[in-house]
Amino acid sequence: MTATRPLVIGSRGSPLALWQARWVEARLKALGRASRIEIIRTSGDRFADQSLVLLGGQGLFVKEIEEALLARGVDLAVHSLKDLPTAQPQGLLIACVPERAAAADCLVARGRATLRALPTGSVVGTGSPRRASQIRHLRPDLAIVALRGNVDTRVARFRRGDCDALILAAAGLVRLGIEVEATPLAPEEMLPAVGQGALAIETRADDPGLADALAPLHHAPTAAAVRAERALLRGLGGGCQAPIAAHATVAGDLLTLRALVASLDGRHVERGDRSGRVGEAESIGARLAEELLARGARDLLPRAAPGGPA
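Figured I'd write up the structure that's included with this text.

Thresholds applied
Residues numbered from 1 in each chain as written. Predicted model: local features only at pLDDT ≥ 70, side-chain atom pairs only at ≥ 80, totals over all residues. Heavy atoms only, no water. Helix = DSSP H or I, 4+ residues; strand = E, 2+ residues; numbered from the N terminus. Contact = heavy atoms within 4.5 Å. Areas by Shrake-Rupley, 256 points an atom, 1.4 Å probe, with all protein chains shown as cover. Buried < 20%, exposed > 50% of the residue type's maximum accessible area, 1.4 Å probe, protein only. Polar contact = N/O pair within 3.5 Å; in protein donor to acceptor, adjacent residues only side chain to side chain. Phe/Tyr/Trp six-rings, centres within 6.5 Å; stacked < 30°, edge-to-face > 60°. Lys NZ or Arg CZ within 6 Å of the ring centre and 35° of its normal. Pairing = 2+ DSSP bridges. Axes fitted to C-alpha atoms, helices over the stretch in contact; angles between N-to-C directions. Core = buried A, V, L, I, M, F, W, Y, C linked by side-chain atoms within 4.5 Å. Left-handed = near helix turned anticlockwise from the far one by under 90°. Nonpolar A, V, L, I, M, F, W, Y, C, P; charged D, E, K, R; others polar. Salt bridge = Lys/Arg side-chain N within 4 Å of Asp/Glu carboxyl O.

## Considerations on the overall build of the protein chain
Consideration 1: Looking only at helices and strands, the protein chain has ten helices and 13 strands in total.
Consideration 2: The long-range share in the protein chain, meaning contacts at least 24 apart out of those at least 6 apart in sequence, stands at 69%.
Consideration 3: When the accessible surface of the protein chain is split by element, carbon and sulfur atoms take 51% of a total near 13400 Å².

Here is the structure:
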């Protein structure tokens, strides 16, 4: 790679993925680095009408992009961090984690209804076991319909009446500028996915110059928070389609991690939290995972937990 040729950014072709890639492109331009976006279709995109759980295998939304990175077809990749498996291919690394957007989920429902106020029997759309488990735990009287697709596709299905309500990541709605009646969900109602709201810029490990160029985009508090969350996920042995939720916050040098593991039917939930110094982020996540497993979380996890958006 030379400093004069434009950097090639690998990205999925969904509207949200392109928004994220263009955001990075604009920041690089402001730093004096030209770049262009190369759209790469992933397995998760090719089988958009199938259940991610049934497809099996982690990294359905990143595998082909990482292959392009290793083959030097692209210079960097922009991912939704929650799509990225905790184990990366040899030769790749997360070089930059920009400042996180809102991590919360929100309930899309007419009249800005809350999850607790939805009428009995209401149909809630989600393709995420994490969300479905927490809904079933809080409101076992609601019906859940599997809903996959891009954010705008799911919103369109809600608008045409395929479901009474929809749960989506707040960050996706904001980034795409989609105007819907939405109510943020408190962590006590719906703890978000590991890495939700954060981006990961992935590069080759043998290209330290590029990591240096990305340094102005890096946000250390966000990076520490997601390190704790991903260490917890790794410790639990779950993928991002397992009913696992976690969210870490940083205040000064204090990092606080909250997490839960739920049974798929929502009847059983193990919750926990742990705090410590920011520099101990990965240890905090690993220790909280150990605590949850010791309290019975192991029995709540499915035997196989494929990856994909949660």
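## Description of helix H5 (residues 129-138)
Consideration 1: Of all ten residues in H5, seven are buried, a share of seventy percent or more.
Consideration 2: Pro129, Arg130, Arg131, Ala132, Ser133, Gln134 and Ile135 are the residues of H5 that are buried.
Consideration 3: Backbone nitrogen of Arg130 and a side-chain oxygen of the N-cap are separated by 3.2 Å at the start of H5; the cap is Ser128.

## Considerations on the packing of aromatic side chains
Consideration 1: Counted under the stated rule, the structure contains zero aromatic pairs.
Consideration 2: Lying over the aromatic face of Phe158, Arg110 brings its terminal NZ or CZ to 4.3 Å of the ring centre.

## Re the sheet that holds strand S9 (residues 182-184)
Consideration 1: Sheet architecture is open: five strands sit in the order S7-S6-S8-S5-S9, paired in mixed fashion. The open sheet has two edge strands, strand S7 (143-145) and S9, and neither has a second partner. Between one strand axis and the next, the sheet turns through 30 degrees on average, direction left out of account.

## Overview of the sheet that holds strand S3 (residues 76-80)
Consideration 1: Spatially, five strands are ordered S2-S1-S3-S10-S4 in an open sheet, and the strand pairing comes out mixed. Unpaired on one side and paired on the other, strand S2 (35-39) and strand S4 (92-96) mark the two borders of the sheet. Pairwise comparison of adjacent strand axes, ignoring direction, gives a mean angle of 35 degrees for this sheet.
Consideration 2: Two strands pair when backbone bridges link them, and S4 and strand S10 (residues 199-204) are joined in this way by four bridges, in the antiparallel orientation. Note that in S10 the partner of Ile94 across the bridge is Glu202.

## Points about the nonpolar core
Consideration 1: Within the largest apolar cluster, 25 residues are counted, with the highest numbers of intra-cluster contacts made by Leu232, Leu236, Ile244, Leu255, Leu257, Val261 and Leu292.
Consideration 2: Residues within four places of Leu255 in sequence aside, it is in contact with Ala224, Ala225, Ala228, Ala248, Thr249, Val250, Arg274, Ser275, Gly276, Val278, Ala281 and Ile284.

## Points about unusual backbone geometry
Consideration 1: For Arg72, which is not a glycine, the phi torsion comes out positive at approximately 65 degrees.
Consideration 2: Along the chain, the position of Arg72 falls in the loop between helix H4 (63-70) and S3.
Consideration 3: Backbone geometry places Arg112, a non-glycine residue, at a positive phi of 55 degrees.
Consideration 4: Take Arg112: its relative accessible area is 47%, and that puts it in the partly exposed class.

## Let's talk about the pairing of strand S8 (residues 165-169)
Consideration 1: When you tally the buried positions in S8, you get five out of five residues, the bulk of the element.
Consideration 2: Of the two faces of S8, the one lined by Ala165, Ile167 and Ala169 and the one lined by Leu166 and Leu168 are each fully buried.
Consideration 3: Sheet analysis places strand S6 (residues 123-125) next to S8, joined by two bridges and oriented parallel. Paired with Val124 across the strands is Ala165, a residue of S8.

## Quick notes on the packing of helix H9 (residues 220-236) against helix H10 (residues 281-294)
Consideration 1: In contact at an axis separation of 7 Å, H9 and H10 are set at 35 degrees when each is read in the N-to-C sense. Note that H9 runs across H10; the crossing there is right-handed. Along its contact with H9, which presents Ala224, Arg227, Ala228, Ala231, Leu232, Arg234, Gly235 and Leu236, the element H10 presents Ala281, Glu282, Gly285, Ala286, Leu288, Ala289, Leu292 and Leu293.
Consideration 2: Broken down by class, the residue content of the contact of H9 with H10 amounts to eleven nonpolar, two polar and three charged.

## A few points about the pairing of strand S1 (residues 7-11)
Consideration 1: Taken across its five residues, S1 has five buried, putting it largely inside the fold.
Consideration 2: Going residue by residue along S1, you find Leu7, Ile9 and Ser11 tucked away on one face and Val8 and Gly10 tucked away on the opposite face as well.
Consideration 3: Of the pairings in the sheet, the one linking S1 to S2 comprises five bridges and is parallel in character. Across the sheet, the residue bridging to Ser11 is Ile39, located in S2.
Consideration 4: The sheet contact formed by S1 and S3 spans two bridges and is parallel. Bridged to Gly10 within S3 is Ala77.

## Let's talk about the pattern of salt bridges
When the charged atoms of two side chains with opposite charge come close together, those side chains can pair.
Consideration 1: What the rule picks out here adds up to 17 salt bridges.
Consideration 2: Note that Asp206 is salt-bridged to Arg72, the shortest N-O span being 2.4 Å. Residue Asp206 is found in the loop between S10 and helix H8 (208-214), and its partner Arg72 is found in the loop between H4 and S3; the two are separated by 134 residues along the sequence.
Consideration 3: Between Arg277 and Asp253 there is a salt bridge; the shortest N-O distance is 3.3 Å. Here Arg277 is found in strand S13 (residues 269-277), whereas its partner Asp253 is found in the loop between strand S11 (244-251) and strand S12 (254-262), with 24 residues between them in sequence.
Consideration 4: Here the residues in one salt-bridge network are Arg5, Asp75 and Arg204, joined through shared partners.

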